[in-house]
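Listed here are the chains, written in short residue letters.
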Amino acid sequence: MAFEYRKLKGRIVEKVGSQSALATILGISEVAFCRKITGETRFSTDDIVAIAKILDIPKEELGEYFFTPKVKEV
């Protein structure tokens with residue numbers, strides 16, 4: 001299942017400025033982060049916890065940021 005990360009992308013810009021900046025804070029390459037946000041690889045539980053902390057995402061809202069199913073266009 002593919003997930004939609006539009007809300008996460010907006011929060012990244014709002015809180016840290018760019019995906020590149022977040023990747024640096026997480027200690028991973030920009031390419032590795034890009035693969036996660038495009039769905040090539042999945043976010044691990046540790047990734048989600050770290051990103052939520054950095055971006056001040058309440059645990060009650062994690063589903064909105066990380067688990068919104070991507071709707072296929074017809």
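Scroll up to find the structure.
Numbers given for residues are sequential positions, taken from 1 along each chain in its written order. For a predicted model such as this one, the threshold for reporting local features is a pLDDT of at least 70, and the threshold for listing and counting side-chain atom pairs is 80 or more; totals across whole chains, interfaces and linings nevertheless cover every residue. Hydrogen atoms and water are omitted, and side-chain values are computed over all heavy atoms in the structure.

Before going further, it helps to spend a moment on the packing of helix α2 (residues 19–26) against helix α3 (residues 30–37). In this analysis an axis means a line fitted to C-alpha atoms, helices contributing only their contacting stretch, and an angle means the value between N-to-C directions, from 0 to 180 degrees. A run of DSSP states H or I qualifies as a helix once it reaches four residues; a run of E qualifies as a strand once it reaches two. Both are numbered from the N-terminal end. Where α2 contacts α3, the two axes come as close as 9 Å, and the packing angle between them is 110°. Here α2 is positioned roughly perpendicular relative to α3, judged by the angle of their axes. The chirality of how α2 crosses α3 is right-handed. Contacts from Gln19, Ser20, Leu22, Ala23 and Leu26 in α2 reach Glu30, Phe33 and Ile37 in α3. Class assignment for the residues of the contact of α2 with α3 results in five nonpolar, two polar and one charged. Our angle categories are set so that under 35 degrees counts as roughly parallel, over 145 as roughly antiparallel, 65 to 115 as roughly perpendicular, and the remainder as oblique. By definition, turning the near helix anticlockwise from the far helix through less than a right angle yields a left-handed crossing, and turning it clockwise yields a right-handed one. Any two residues whose heavy atoms approach within 4.5 Å are treated as being in contact. Classification convention: Asp, Glu, Lys, Arg as charged; Ala, Val, Leu, Ile, Met, Phe, Trp, Tyr, Cys, Pro as nonpolar; all other residues, Gly among them, as polar.

Here the focus is the side chain of aspartate 47. In this structure, aspartate 47 sits in helix α4 (residues 45–54). A polar contact of 2.8 Å, which involves the side chain of aspartate 47, links it to the side chain of lysine 36. Once residues within four sequence positions are removed from consideration, aspartate 47 is found in contact with Lys36 and Arg42. Polar contacts, as counted here, are pairs of nitrogen or oxygen atoms within 3.5 Å of one another; within protein the pair requires one atom able to donate a hydrogen and one able to accept it, and residues that are adjacent in sequence qualify only if both atoms are side-chain atoms.

Let's shift gears to α3. The rule is simple: take the accessible area with a 1.4 Å probe, protein chains only, and divide by the maximum for that residue type; under 20% is buried, over 50% is exposed, in between is partly exposed. For α3, the full list of buried residues reads Phe33, Lys36 and Ile37. Projected down its long axis, α3 carries its buried residues within an arc of 90°, all on one side. Once α3 finishes, glycine 39 follows within two positions and takes phi at roughly 90°, a positive value. The arc under discussion is defined with respect to the helix axis, by the directions toward the C-beta atoms.

Before going further, it helps to examine α4. Working note: α-helix, 3.6 residues per turn, so residues spaced by three or four point in the same direction. Among the residues of α4, those classed as buried are Asp47, Ile48, Ile51 and Ala52. Buried positions in α4, seen along its axis, are confined to an arc of 125° and lie on one side of it. Of the exposed residues in α4, those oriented more than 90 degrees away from the buried face are Thr45, Asp46, Val49 and Lys53. Just beyond α4, the residue with positive phi is aspartate 56, at close to 55°.

Moving on to the environment of glutamate 30. Relative to the elements of secondary structure, glutamate 30 occurs in helix α3. In this structure the C-alpha to C-alpha distance between glutamate 30 and serine 20, which are 10 residues apart in sequence, comes to 5.4 Å. The residues contacting glutamate 30, other than those within four sequence positions of it, are Ser20 and Ala23. Polar side-chain contacts of glutamate 30 include one of 3.4 Å to the side chain of serine 20.

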